[in-house]
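The chain contents come next:
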Amino acid sequence: MLQSIRENSKGIIAKVIVGLIIVTFALFGVESLVGLANSEKAPAEVNGEEISNQDLQRGIELQRRQLLAQMGANGNPADIDENQLRRMVLQALIDQEVRLQSAESQGLYLSEAMIDQMIVGTPDFQVDGRFDRNQFEAVLRGAGFTPLMYRDLLRKEQLIAQERNAFQLSAFATEQQVERLLRLDRQTRDIAWAELSLDQFMQTAEVTDAELESRYQEQLERFMTQPKVVLDYVELNQADFVKLDAVTDAELESAYQQELARFQASEERAAAHILFEEDAQEQAEAVRQRILDGELSFAEAAQEFSADAGSAEQGGDLGYNSRGVLTGPFEDTLFAMQPGEISEPVRTEFGYHLIQLNDVRNTEPPAFDEMAAELRRELAQSRAEAEYVAALERLADLSFSAGDLDVPAEELGLEIHQTEPFGQAGSESGLASNPRVVKAAFSEELTREGLNSDPIELDRETTVVVRVKEQIPERQLSLDEVRDELEGELRREQAEAALEARLKQLLADFESGNSLNTDASELSWSEVASAEREQADMPSAVNRKAFELPRPAEDAASFGTVRLPNGDRALVRVNAVQEPDLADVDADLKRQMAAFLASRNGQLDYQLHVEALTEAAEIERN
């Protein structure tokens, strides 16, 4: 082919192609040729700025990971609505771009050095209190980021945060607003309420056969059963392959010798220390001399002088440590000392240390008897894993070629189990609680073609193959089958309507001042004087309603109604409102309240600002 190209490179066609390339370069530049190879439109544009498909795909993948993590071990990626996920992520990127453009238009800026400082100071990227490059890259890999991607994201988020904080920090609350909020918060009310039980009205409700028939005919589609299936299945469990007795003594001895070969003896040193501040070298030297002179012991000095609160109470004791655990200069000094020796002051990033070496020991390999049980389990487990994988491959082959589960069960010594009937919603427990099993059970391969399923992994050590044993089609439930359900619904509806009508009548009577003695004969009132907001000894719904009601006129009351969580209703009465005395309000509380109001006002201002920007922006979705 290359020879053919060379032979034709001097022909008229080649000259035409070269001419077109030259014209394209001259008129449009090299980008035009790149564009020919990648002419896909950006998913969206905001005021002419493109949101790249790369950003969208990255956002979708990150969001998908989070969703799968929330779904747990049995989560099925197929359950995620990809279209909805794409729309959600794209909208978030559009919102971010609107905010970012606004921040950049204000001249806000974030230097590379500032980004470096934020990254270095992030605890997730640190090991033993210090930034660790390997930890940084590992965390980012786990989240699906590269360092450059993370820096760009951090820059955008911080620029947006700068503008948002500017709104919040520049907002303020007036003294009158603070005082009004305090008055509302500390206001008390004399509240009374009477509950009307829904059950009393349900007892008198009557439902006729005609009403039942009418409701049934109106909602026939509602009373269709869901199609269900009954599954046969075989289960392969790795635990069944674990046979401790099959591990021979020779295998145990061989495994133990391998452990001995891998064992590395290490020296451990028991130390104590006294920590002094960075500018306290002279104090450290003086204390060391006092210890050497016998004025006080090392432990006493640690309790009195050490700035390390974690070890001072234990006389500075740090226990046994091997190399690689302690900070550099400290460790170098410790491993050069003799038992009982006290070091000169050693400087580290934490300050000056006096170190005392108390003991030195070498780790010894564990004895055979100590490891035998663990080694036996490991060998049996390792063998079981291999046998399980082999059996799993055999199960896949047999279930694919067999017309039922009898052959796989017989070949692998498995028992055929059976599920209870279940629909496409699955069940709360058992095999049908696994979404992958449910999806397979209602697939065309199983329901129409009558095949065995592929092996379905329930967890790392359990796999099943399922087969539809019985299909139970949907059917119309008869009126007799749903009579009790319908009658209960109609009774409740009638009772709620009667209760609502009675409440309206009572409310009208009380507001007009014509109670007709209903108050005494029908209602049982509960009362709380000077009730506060969120009063504990009254229903919360009643309390909220009472503080929503208008202030009662003189020698009168305010009335309202509210639904209680159990379906009952309550008639609420406010007899009086007491205004608080703010003379004893602490000045610090007022400042805190003012800061809260200012922050809230700033948040609302920024939200309105963003909404206005979004409404005015030219947003094009492709």
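Thresholds, definitions, all that
Residues numbered from 1 in each chain as written. Predicted model: local features only at pLDDT ≥ 70, side-chain atom pairs only at ≥ 80, totals over all residues. Heavy atoms only, no water. Helix = DSSP H or I, 4+ residues; strand = E, 2+ residues; numbered from the N terminus. Rg over C-alpha atoms; globule rule 2.2 N^0.38 Å. Buried < 20%, exposed > 50% of the residue type's maximum accessible area, 1.4 Å probe, protein only. Contact = heavy atoms within 4.5 Å. Areas by Shrake-Rupley, 256 points an atom, 1.4 Å probe, with all protein chains shown as cover. Lys, Arg positive; Asp, Glu negative; His and termini not counted. Charge placed at Lys NZ, Arg CZ, Asp CG, Glu CD. Expected span 1.5 Å × (residues − 1). Bend = angle between axes of the 7 residues up to and from the residue. 1 Å grid on protein atoms, 1.4 Å probe; cavity = no way out; pocket = protein on both sides within 12 Å on 5 of 7 lines; lining within 4 Å. Points joined across faces, edges and corners; volume = space filled by probe spheres on them. Nonpolar A, V, L, I, M, F, W, Y, C, P; charged D, E, K, R; others polar. Axes fitted to C-alpha atoms, helices over the stretch in contact; angles between N-to-C directions. Parallel < 35°, antiparallel > 145°, perpendicular 65-115°, else oblique. Left-handed = near helix turned anticlockwise from the far one by under 90°. Phe/Tyr/Trp six-rings, centres within 6.5 Å; stacked < 30°, edge-to-face > 60°. Lys NZ or Arg CZ within 6 Å of the ring centre and 35° of its normal. Patch = residues over 30% accessible without salt bridge, like charges linked within 9 Å, V, L, I, M, F, W, Y side chains within 5 Å. Salt bridge = Lys/Arg side-chain N within 4 Å of Asp/Glu carboxyl O. Pairing = 2+ DSSP bridges. pLDDT = per-residue confidence, 0-100.

*Asks:* I keep staring at the overall build of the protein and nothing clicks. Help me out?
*Replies:* For the protein, the count of helices and strands is 24 helices and 17 strands. In terms of overall dimensions, the protein is more spread out than a globule: its C-alpha atoms have a radius of gyration of 39 Å, far above the 25 Å expected for 622 residues. C-alpha extents for the protein along the principal axes are approximately 100 × 85 × 80 Å. Residue burial in the protein is summarised as follows: out of 622 residues, 34% are buried. Sequence-distant contacts in the protein: of pairs separated by 6 or more residues, those separated by 24 or more amount to 71%. Total accessible area on the protein stands at roughly 38200 Å², and carbon and sulfur atoms take up 48% of it. Here the protein contributes 59 positive and 119 negative side-chain charges, whose respective centroids are spaced 6 Å apart.

*Asks:* When you look at helix α4 (residues 53-71) in this model, what are you seeing that I'm missing?
*Replies:* Along an α-helix, residues three or four positions apart point the same way, because every turn accommodates 3.6 residues. Taking 1.5 Å per residue, 19 residues should reach 27 Å; α4 reaches 27 Å between its end C-alpha atoms and fits that length. Listed as buried for α4 are L56, R58, G59, I60, L62 and R64.

*Asks:* Mind showing me how you'd approach helix α17 (residues 368-401) here?
*Replies:* Between its first and last C-alpha atoms α17 spans 48 Å; for 34 residues at 1.5 Å apiece the expected length is 50 Å, and the two agree. The largest bend in α17 comes to about 30 degrees, at E374. The set of residues buried in α17 consists of M371, A372, L375, A380, A384, Y388, A391, L395, L398 and S399. Each element contacted by the buried residues of α17 is listed here: β6 (228-237), α12 (249-262), α18 (406-412) and β13 (462-472).

*Asks:* Before we go on, may I ask you to explain the side chain of T348 in this structure?
*Replies:* Positionally, T348 belongs in strand β9 (residues 346-348). We classify T348 as buried; its relative accessible area is 7%. Residues contacting T348, with those up to four places away along its chain left out, are T327, P329, F330 and H353.

*Asks:* Looking at this structure, I do not really get the layout of surface pockets. What am I missing?
*Replies:* Where empty space is left in the structure can be found by rolling a water-sized probe over the atoms. Put simply, the largest pocket is a space of about 580 Å³. Surrounding the largest pocket, 24 residues form its lining, G59, L62, L93, Q96 and L153 being those nearest its centre. Listing elements by their share of the lining of the largest pocket, those giving two or more residues are β2 (49-51), α4, α5 (82-105), α7 (133-143) and α8 (147-170). With seven residues, α4 is the largest single contributor of residues to the lining of the largest pocket. When grouped by side-chain class, the residues that make up the lining of the largest pocket number 10 nonpolar, six polar and eight charged. In this structure, the second largest pocket encloses a volume near 220 Å³. Lining the second largest pocket we find V127, D128, R130, G324, V325, L326, T327, G328, E349 and F350. When the residues that make up the lining of the second largest pocket are grouped by side-chain class, the tally is four nonpolar, three polar and three charged.

*Asks:* Looking at this structure, how should I read the packing of α5 against α8?
*Replies:* The description of two packed helices rests on the angle between their axes and on the distance between the axes. In the contact formed by α5 and α8, the axes pass within 9 Å of each other and the chain directions differ by 65 degrees. Here α5 lies roughly perpendicular to α8, going by the angle between them. Here α5 runs over α8; the crossing is left-handed. Each of Q96, R99, L100, S102, A103 and E104 in α5 lies in contact with α8, whose residues at this interface are L153, R155, K156, L159, I160 and E163. Split into classes, the residues belonging to the contact of α5 with α8 amount to five nonpolar, two polar and five charged.

*Asks:* Any chance you could explain the packing of aromatic side chains here in plain terms?
*Replies:* A ring pair, where both rings are aromatic, is described by two values, the distance of the centres and the angle of the planes. Per the stated rule, a full pass over the model turns up 12 aromatic pairs. Between Y256 and F368, the ring centres sit 5.3 Å apart and the planes meet at 85 degrees, which makes this aromatic pair edge-to-face. With a gap of 112 residues between them, Y256 in helix α12 and F368 in helix α17 connect regions that are remote in the sequence. Residue class for Y256 comes out buried when judged on its relative accessible area of 10%. Summarising the aromatic geometry, the rings of F422 and F442 are spaced 6.1 Å apart at their centres and angled 80 degrees between planes, so their arrangement reads as edge-to-face. Placement of F422 in the loop between β11 (417-418) and α19 (435-441) and of F442 in the loop between α19 and α20 (444-447) is noted, with a sequence separation of 20 residues between them. Comparing F422 with F442 shows no difference in burial state: the two are buried. Each residue in the set F125, F131, F136, F145 and Y150 is aromatic and connected to the rest through ring pairs, giving one cluster. Here R361 stacks its cationic end above the ring of Y320, 3.7 Å away from the centre of that ring.

*Asks:* Is there a simple way to explain a negative patch on the surface in this structure?
*Replies:* Residues E235, D240, E385, E457, D459 and E461 make up a contiguous surface patch of negative charge. Here E461 lies in the loop between β12 (456-459) and β13.

*Asks:* Whenever I open this one, the pairing of β13 confuses me. Can you help?
*Replies:* Within a regular strand, the side chains alternate between the two sheet faces. In the sheet, β6 pairs with β13 via 10 bridges, with the strands oriented antiparallel. Looking at the pairing, V230 lines up with E470 of β13. Sheet topology places β12 next to β13; three bridges connect them, and they run antiparallel. Bridge pairing in β13 links D459 to T462. Connecting the antiparallel pair β12 and β13 is a turn made up of two residues.

*Asks:* Looking at this structure, I do not really get the sheet that holds strand β8 (residues 317-321). What am I missing?
*Replies:* Within a beta sheet, neighbouring strands are joined by backbone hydrogen bonds and run either parallel or antiparallel to one another. Taken together, four strands build an open sheet; the order of strands is β8-β7-β10-β9 and the sheet is antiparallel. Unpaired on one side and paired on the other, β8 and β9 mark the two borders of the sheet. This sheet shows a mean twist of 40 degrees between the axes of neighbouring strands, independent of strand direction. By the bridge criterion, three bridges tie β9 to strand β10 (residues 351-362) in an arrangement that is antiparallel. Each residue of the ladder has a partner; that of V346, found in β10, is H353. Its contacts with the sheet put helix α13 (residues 281-292) on β7 (267-276) and β10, and the angle it makes with β10 is roughly 45 degrees.

*Asks:* I would appreciate a short explanation of the confidence of the model for the protein in the present structure.
*Replies:* Any segment with low pLDDT has predicted coordinates that should not be analysed in fine detail. Looking at the protein as a whole, the pLDDT averages 86, with 91% of positions reaching at least 70. Per-element mean pLDDT across the protein ranges from 39 in helix α1 (residues 2-8) up to 96 in β11. Here residues 1-38 scores under 50 on pLDDT; set against residues more than four positions off or in separate chains, the count is eight contacts.

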